[in-house]
Amino acid sequence: MKIRSRYRIKESYRNQNYVGVVSLDPWTRSWAWKGQVDFGAGLQSLFTNRTFATAVQAEDHMRQFAHQCIDNRLG
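What counts as what
- Residues numbered from 1 in each chain as written.
- Predicted model: local features only at pLDDT ≥ 70, side-chain atom pairs only at ≥ 80, totals over all residues.
- Heavy atoms only, no water.
- Helix = DSSP H or I, 4+ residues; strand = E, 2+ residues; numbered from the N terminus.
- Buried < 20%, exposed > 50% of the residue type's maximum accessible area, 1.4 Å probe, protein only.
- Contact = heavy atoms within 4.5 Å.
- Areas by Shrake-Rupley, 256 points an atom, 1.4 Å probe, with all protein chains shown as cover.
- Lys, Arg positive; Asp, Glu negative; His and termini not counted.
- Charge placed at Lys NZ, Arg CZ, Asp CG, Glu CD.
- Salt bridge = Lys/Arg side-chain N within 4 Å of Asp/Glu carboxyl O.
- Pairing = 2+ DSSP bridges.

1. Examining the overall build of the chain
So, step 1. A tally of regular secondary structure across the chain gives one helix and four strands.
So, step 2. Taking the principal axes of the C-alpha coordinates as reference, the chain spans close to 40 × 20 × 15 Å.
So, step 3. Scored against the burial criterion, the 75 residues of the chain give a buried share of 33%.
So, step 4. Sequence separation of 24 or more characterises 34% of the internal contacts of the chain that already satisfy a separation of 6 or more.
So, step 5. In the structure as shown, the chain presents an accessible area of about 5400 Å², 48% of it carried by carbon and sulfur atoms.
So, step 6. Both charge centroids of the chain, one from 11 positive and one from 6 negative side chains, sit 6 Å from each other.

Structure follows, in structure tokens:
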């Protein structure tokens, strides 16, 4: 069984759409993510230099980061 090494997450929070890509580095076997929030007036890129031991940890961090970015932007 092959484990997916990259996948896309598309969600919304407070009526703001965001997309993230979670990917596995084949050399370090660590997970990372990057994404974008669509604020209507333009896309805002999101990323972190952190790496994670599991895809679930990366997903959770990406969601928290996106939600915090949206909360900060919308007040």
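2. A few points about the pattern of salt bridges
Oppositely charged side chains can pair when the atoms bearing their charge come close.
So, step 1. In the structure shown here, the tally under the stated rule is three salt bridges.
So, step 2. Among the ionic pairs, R63 bridges to E11, the shortest N-O distance being 2.7 Å. Of the two residues, R63 sits in helix α1 (residues 55–74) while E11 sits in strand β1 (residues 6–13), which places them 52 residues apart along the sequence.
So, step 3. For E11, a relative accessible area of 27% translates into the label partly exposed.
So, step 4. A salt bridge links D71 to R14, with the nearest nitrogen and oxygen atoms 2.8 Å apart.

3. Some points on the environment of V37
So, step 1. Take V37: it is sitting in strand β3 (residues 31–38).
So, step 2. Residue V37 is classed as buried on the basis of its relative accessible area, which comes to 0%.
So, step 3. Expressed as a C-alpha distance, the spacing of V37 and E11, which sit 26 residues apart in the sequence, is 9.7 Å.
So, step 4. Setting aside chain neighbours within four positions, we find V37 in contact with Q16, N17, Y18, G42, L43, Q44, L46 and I70.

4. Let's talk about the pairing of β1
So, step 1. Of the pairings in the sheet, the one linking β1 to strand β2 (residues 16–24) comprises eight bridges and is antiparallel in character. Across the sheet, Y13 pairs through a bridge with Q16, a residue of β2.
So, step 2. Once β1 ends, the chain turns through two residues before running back antiparallel as β2, passing R14 with a positive phi of about 55°.

Shape descriptors only; they carry no functional weight alone.
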